[in-house]
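One-letter residues, chain by chain:
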Amino acid sequence: MLVEGPVEIVLDDGTVARSERFMVALCTCRRSRIYPWCDTSHRPRERAVPAPEDRNPS
Ligand code: FES
């Protein structure tokens, strides 16, 4: 979720996270390693490219 900054976010434990950026991405999935900020961990991981012999099963 993109929000205009600066922002202050009060976390569940009462601590406050601050950002002075003009636009900031908030994490709404809780997977971010820098929560409450989004680090794009919400994106699906890319699959490895299958080996050529696995592409056309017969
Ligand atoms: S919304 Fe959680 S990492 Fe992006």
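Residues numbered from 1 in each chain as written. Predicted model: local features only at pLDDT ≥ 70, side-chain atom pairs only at ≥ 80, totals over all residues. Heavy atoms only, no water.

(A) Fine view of the pairing of strand 2 (residues 7–10). Two elements, strand 2 and strand 3 (residues 16–19), share four bridges in a ladder whose sense is antiparallel. When the bridges of strand 3 are listed, Ile9 appears paired with Ala17. Counted along the chain from strand 2 to the antiparallel partner strand 3, the turn is five residues long, and its residue Gly14 has a positive phi close to 95°. (Pairing = 2+ DSSP bridges. Helix = DSSP H or I, 4+ residues; strand = E, 2+ residues; numbered from the N terminus.)

(B) A look at the environment of Val49. Among the structural elements, Val49 can be located in the loop between strand 4 (23–25) and helix 1 (52–55). The spatial distance from the C-alpha of Val49 to the C-alpha of Trp37 is 31 Å, given a sequence separation of twelve residues.

(C) Fine view of the nonpolar core. Counting residues in each nonpolar core, the largest one holds six residues, listed as Val3, Val7, Ala17, Val24, Leu26 and Trp37. When residues no more than four places from it in sequence are discounted, the contact partners of Val24 are Met1, Leu2, Val3, Val7, Ser19 and Trp37. (Core = buried A, V, L, I, M, F, W, Y, C linked by side-chain atoms within 4.5 Å. Buried < 20%, exposed > 50% of the residue type's maximum accessible area, 1.4 Å probe, protein only. Contact = heavy atoms within 4.5 Å.)

(D) Structural detail: unusual backbone geometry. Look at the link from Gly5 to Pro6: it is a cis peptide, with omega at -5°. With respect to the secondary-structure elements, Pro6 resides in the loop between strand 1 (2–4) and strand 2. Positive phi is not limited to glycine here, since Arg30 has a value of about 70°. Residue classification places Arg30 among the exposed residues on the basis of a relative accessible area of 53%. Within the chain, Thr40 stands out as a residue other than glycine whose phi angle is a positive 70°.

(E) Looking closely at the environment of Val3. The topology assignment puts Val3 in strand 1. In this structure the C-alpha to C-alpha distance between Val3 and Phe22, which are 19 residues apart in sequence, comes to 8.5 Å. For Val3, the residues in contact, after removing those within four places along its chain, are Phe22, Met23, Val24 and Leu26.

(F) Representation of the pattern of salt bridges within the structure. A full pass over the atoms with the stated rule returns two salt bridges. For the salt bridge of Arg18 with Glu8, the shortest nitrogen-to-oxygen distance reads 2.9 Å. Taken together, the residues span a long stretch of sequence, with Arg18 in strand 3 and Glu8 in strand 2 at a distance of ten residues. Given the relative accessible area of 52%, Arg18 is considered exposed. (Salt bridge = Lys/Arg side-chain N within 4 Å of Asp/Glu carboxyl O.)

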